Amino acid sequence: MTSVRGKVVVITGGARGVGEELARRLHAKGASLVLTDLDEGPLAALAGDLGEDRVLTVVADVSDLKSMQEVAEQAVARFGGIDIVIANAGIASYGSVLVVDPDAFRRVLDVNIVGVFNTVRATLPSLIDRKGYVLVVSSLAAFAAAPGMAPYDASKAGVEQFANALRLEAAHHGVGVGCAHMSWIDTPLVQDTKSDLPSFVAMLESLPGPLSRTTSVQECGEVFVKGIERRKDRIYCPRWVGLARWFKPVLTTRIGQASLLKAAPKILPQMDAEVTALKRSLGARTHGLKK
C-alpha cells in the first residue's frame, strides 16, 4: 500500500459529493490538495474547513483545456508537482433521445468525456515525472444502460475505454491508471435528480435487487481511498458492481434488460413530461453553472 501522506492530489468536481468526501479523507491522511469545481461557494467553504496550508482551490471548467492547463501550472507552482489525479467531475441529463435538450447532451459529453481528457492531458507530464496515479471516475452505467440517460451512459462507457487505453500508454512511464465504477451514490447529483423527477425514483424502484439501492458517500469515499492507496486498476462501489462488468454481455440482452423494458413504456413518457415542464434537461445546480 502506498501512503498518500505528502502526496499532491488533484480532484476535479471537488466541491461536493464524492469529490468533497475524497478531499476530506485524503487531507486527513496528510495529502496536499488541488481542488477544482465550477461551484465557487461550496469550494471556498470546503477550503475553509480544511485550512489553506495544504489546499489550493481553483474555479475551473474541465471542458476547457486551457483552464485545466492553468490548474496544473498552479499545482506545480504551489506544491512542486502532481502525484495523483482524480478525474471526478461529472454531470447527467434527463429525458429520452427525443426530448433531451441537444445542448445538454453536448454538455454532458463535454464534461464527462472531454473533461477527463483535458484533466489528464494537462496533468500527465507531472504525473510522468513522479510516476503517479490517475483515477478516472466512470460508473455502473458503463455496463448497464438506463432509459432517459443516454448521454450519461454513453459518456461513462466512453471514459472507461479512455482509461483502458491510457493504462496501456502510461504503463511504461510508471504511471498507474485506475477506473472507478459505482452504482447509485447518495450525492447531490442523485439527490437533485430524485427531487426533480418522480419518474427517476420510480425507475430505481423498478430495478431488481441491489440495482435499486443507493450507497452513502462515506462508504464510496472509503472504498475509493483504499483503491487509490493500492493504485488499483479498477475500483467498484459497492463491490458487487465488479460482477456487472463480467455480466455485461447478459445485461445488454433482452433478458438482462427485462425489468427496464417492462417499466420504460410507463416511466419514460412520465420523465419526458417532467423534463418538458422543468424546461431544462440538466439539474438545477448544473443548469445554473453552465458556461
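Residues numbered from 1 in each chain as written. Predicted model: local features only at pLDDT ≥ 70, side-chain atom pairs only at ≥ 80, totals over all residues. Heavy atoms only, no water.

*Asks:* Even after reading the chapter, I still don't get the overall build of the protein, so can you show me in this structure?
*Replies:* Counting its regular elements, the protein contains 12 helices and seven strands. For 291 residues, the compact-globule estimate of 2.2 N^0.38 gives 19 Å, and the protein sits close to it at 18 Å. Projecting the C-alpha coordinates of the protein onto the three principal axes gives extents of approximately 55 × 40 × 30 Å. When each of the 291 residues of the protein is scored for burial, the buried share is 52%. Carbon together with sulfur atoms contributes 55% to the accessible area of the protein, which is approximately 13,000 Å² in total. (Helix = DSSP H or I, 4+ residues; strand = E, 2+ residues; numbered from the N terminus. Rg over C-alpha atoms; globule rule 2.2 N^0.38 Å. Buried < 20%, exposed > 50% of the residue type's maximum accessible area, 1.4 Å probe, protein only. Areas by Shrake-Rupley, 256 points an atom, 1.4 Å probe, with all protein chains shown as cover.)

*Asks:* Could you clarify how one ought to interpret the environment of Ala-72 in this entry?
*Replies:* As for its position among the elements, Ala-72 is in helix 3 (residues 65-79). As a C-alpha pair, Ala-72 and Ala-122 span 50 residues in sequence and 6.1 Å in three-dimensional space. Beyond its immediate chain neighbours, meaning those up to four positions away, Ala-72 contacts Ile-82, Ala-122 and Thr-123. (Contact = heavy atoms within 4.5 Å.)

*Asks:* Would you mind going over the packing of helix 7 (residues 198-206) against helix 11 (residues 258-278) with me for this structure?
*Replies:* Think of two packed helices as two axes; the pair is described by the angle between the axes and how far apart they sit. Contact pair helix 7 / helix 11: the axes reach a minimum separation of 8 Å and the direction vectors enclose 170 degrees. The angle between the axes of helix 7 and helix 11 places the two elements in the roughly antiparallel class. Residues Pro-198, Ser-199, Ala-202, Met-203 and Ser-206 of helix 7 form the contact with helix 11, whose participating residues are Ser-259, Leu-260, Ala-263, Ile-267, Gln-270, Met-271 and Glu-274. When the residues that make up the contact of helix 7 with helix 11 are grouped by side-chain class, the tally is seven nonpolar, four polar and one charged. (Axes fitted to C-alpha atoms, helices over the stretch in contact; angles between N-to-C directions. Parallel < 35°, antiparallel > 145°, perpendicular 65-115°, else oblique. Nonpolar A, V, L, I, M, F, W, Y, C, P; charged D, E, K, R; others polar.)

*Asks:* In this structure, what is going on with helix 8 (residues 217-229)? I would like to understand it.
*Replies:* Across its 13 residues, helix 8 extends 18 Å between first and last C-alpha, which sits within 8% of the 18 Å expected from 1.5 Å per residue. Of all the residues in helix 8, the buried ones are Val-217, Cys-220, Gly-221, Phe-224, Val-225, Gly-227, Ile-228 and Glu-229. Against the buried residues of helix 8 lie helix 1 (17-28), strand 4 (84-87), strand 5 (133-137), strand 6 (176-182) and strand 7 (234-237). Note on helix 8: the residue one or two positions beyond its end, Arg-231, has a positive phi of about 50 degrees. (Expected span 1.5 Å × (residues − 1).)

*Asks:* Is there a simple way to explain the sheet that holds strand 4 in this structure?
*Replies:* As a general point, the strands of a sheet are linked pairwise by backbone hydrogen bonds and lie either parallel or antiparallel. Strand order in the open sheet formed by seven strands is 3-2-1-4-5-6-7, and the pairing between neighbours is parallel. Two strands close off the open sheet at either side, each with one partner strand: strand 3 (55-59) and strand 7. The average angle at which neighbouring strand axes cross in this sheet is 15 degrees, direction not considered. Sheet analysis places strand 1 (residues 8-12) next to strand 4, joined by three bridges and oriented parallel. Across the sheet, the residue bridging to Val-10 is Val-85, located in strand 4. The sheet strands contacting helix 3 are strand 1, strand 2 (32-37) and strand 3, and the helix crosses strand 3 at an angle near 160 degrees. Strands strand 1, strand 4 and strand 5 of the sheet are contacted by helix 4 (residues 102-130), whose axis makes an angle of about 170 degrees with strand 4. (Pairing = 2+ DSSP bridges.)

*Asks:* Which parts of the structure should I look at to understand the nonpolar core?
*Replies:* Grouped together as the largest cluster of nonpolar side chains are 34 residues, with contacts concentrated most on Val-34, Ile-82 and Val-134. Secondary structure elements with two or more residues in this core: strand 1, strand 3, helix 3, strand 4, helix 4, strand 5, helix 5 (150-170) and strand 6. For this core, the element with the most residues is helix 4, which contributes seven residues. Once you skip the residues sitting within four places of it in the chain, Ile-82 turns out to touch Val-8, Val-10, Ala-72, Ala-75, Thr-123, Ser-126, Leu-127 and Arg-130. (Core = buried A, V, L, I, M, F, W, Y, C linked by side-chain atoms within 4.5 Å.)

*Asks:* What's the story with the pattern of salt bridges in this structure? I'm lost.
*Replies:* Any two side chains of opposite charge can pair, so long as their charged atoms come close to each other. Scanning all chains against the criterion turns up 12 salt bridges. Here Arg-16 makes a salt bridge to Asp-192, at a shortest N to O gap of 4.0 Å. Taken as a pair, Arg-16 in the loop between strand 1 and helix 1 and Asp-192 in helix 6 (residues 188-196) lie far apart in primary sequence, 176 residues in all. Taking relative accessible area as the criterion, Arg-16 reaches 26% and is therefore assigned partly exposed. Ionic pairing is found between Arg-167 and Asp-233, a salt bridge with its closest N-O pair at 3.8 Å. Of this pair, Arg-167 sits in helix 5 while Asp-233 sits in the loop between helix 8 and strand 7, and the two are 66 residues apart along the sequence. Judged by its relative accessible area of 37%, Asp-233 falls in the partly exposed class. In the salt-bridge network here, residues are joined through shared partners; they are Glu-20, Arg-24 and Asp-49. (Salt bridge = Lys/Arg side-chain N within 4 Å of Asp/Glu carboxyl O.)

*Asks:* What is the right way to read the UniProt feature "domain: Ketoreductase" (unreviewed entry) in the protein from this model?
*Replies:* The UniProt record marks residues 7-187 with the feature "domain: Ketoreductase" (unreviewed entry), using the residue numbering of this structure. Secondary structure content for residues 7-187 is 49% helix and 18% strand, and the end C-alpha separation is 26 Å. (UniProt positions renumbered as here; feature names shortened; annotations may be inferred.)

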